[in-house]
Amino acid sequence: ISGKGMSAALYMLQVRLLLRHLADFSDNPRSILSSVNKNVFKHIKKGLYFSAILANIKGREIYFCRAGHTPVIYYNSVNRSCCEIKQNGMALGLNNTELFETSLQDYNITSNKDDVMLLYSDGLTETMNTVRNEFGVDKVKELLISNSHKSAEEIKNGILAEVTKFRGFAEV
């Protein structure tokens, strides 16, 4: 959500409720994001914009759509590699025309046992240390590969521990 503080938190709450409501009527991530965008322009403060990624998981099939959010990092357990999935998608709240609609791209993956899909915000990769170096996507990929055999909770905790160690005493 653009902005900070209590007002941004309240707008985020409205958007989350809207997402949950719309998900009751569709399981298509692109369709839901399109409806959210229309409703943001219709019912929520003008000038508000935000990124999002929405996924629907059915068995081994993962369907998702990204609207301006950071790319998904996907670990493929068969070839033991990570890639960023960088499909198009404009942030919600920036445009309420066909331009927004055509910017969204559906993506689907047939997952394998032990694959890992990481959804994250830019705050993870853009965390800086005391000499102003960023943590970076490559470091996240390395951590995902080296921790891929662990549970989701352990992967999350491992990444957060490494980010904290990297940041050191740098200001947040």
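Description of the structure in this document. (Residues numbered from 1 in each chain as written. Predicted model: local features only at pLDDT ≥ 70, side-chain atom pairs only at ≥ 80, totals over all residues. Heavy atoms only, no water.)

Quick word on the side chain of Ser34
Relative to the elements of secondary structure, Ser34 occurs in helix 2 (residues 29-43). Residue classification places Ser34 among the buried positions, given a relative accessible area of 6%. Filtering out sequence-adjacent residues up to four positions away, Ser34 remains in contact with Phe100, Glu101 and Leu104. (Helix = DSSP H or I, 4+ residues; strand = E, 2+ residues; numbered from the N terminus. Buried < 20%, exposed > 50% of the residue type's maximum accessible area, 1.4 Å probe, protein only. Contact = heavy atoms within 4.5 Å.)

Description of the environment of Gly47
Mapped onto the fold, Gly47 is located in the loop between helix 2 and strand 1 (52-58). Owing to a relative accessible area of 60%, Gly47 belongs among the exposed residues under this scheme.

Details of the packing of helix 5 (residues 137-147) against helix 6 (residues 152-167)
Look at helix 5 against helix 6: their axes get within 10 Å of each other, and the N-to-C directions meet at 140 degrees. With respect to helix 6, the axis of helix 5 lies oblique. Crossing of helix 5 over helix 6 shows right-handed handedness. Packed against helix 5, whose contacting residues are Lys139, Leu143, Leu144 and Asn147, the element helix 6 presents Ile155, Ile159 and Glu162 at the interface. Of the residues contributing to the contact of helix 5 with helix 6, the split by class is 4 nonpolar, 1 polar and 2 charged. (Axes fitted to C-alpha atoms, helices over the stretch in contact; angles between N-to-C directions. Parallel < 35°, antiparallel > 145°, perpendicular 65-115°, else oblique. Left-handed = near helix turned anticlockwise from the far one by under 90°. Nonpolar A, V, L, I, M, F, W, Y, C, P; charged D, E, K, R; others polar.)

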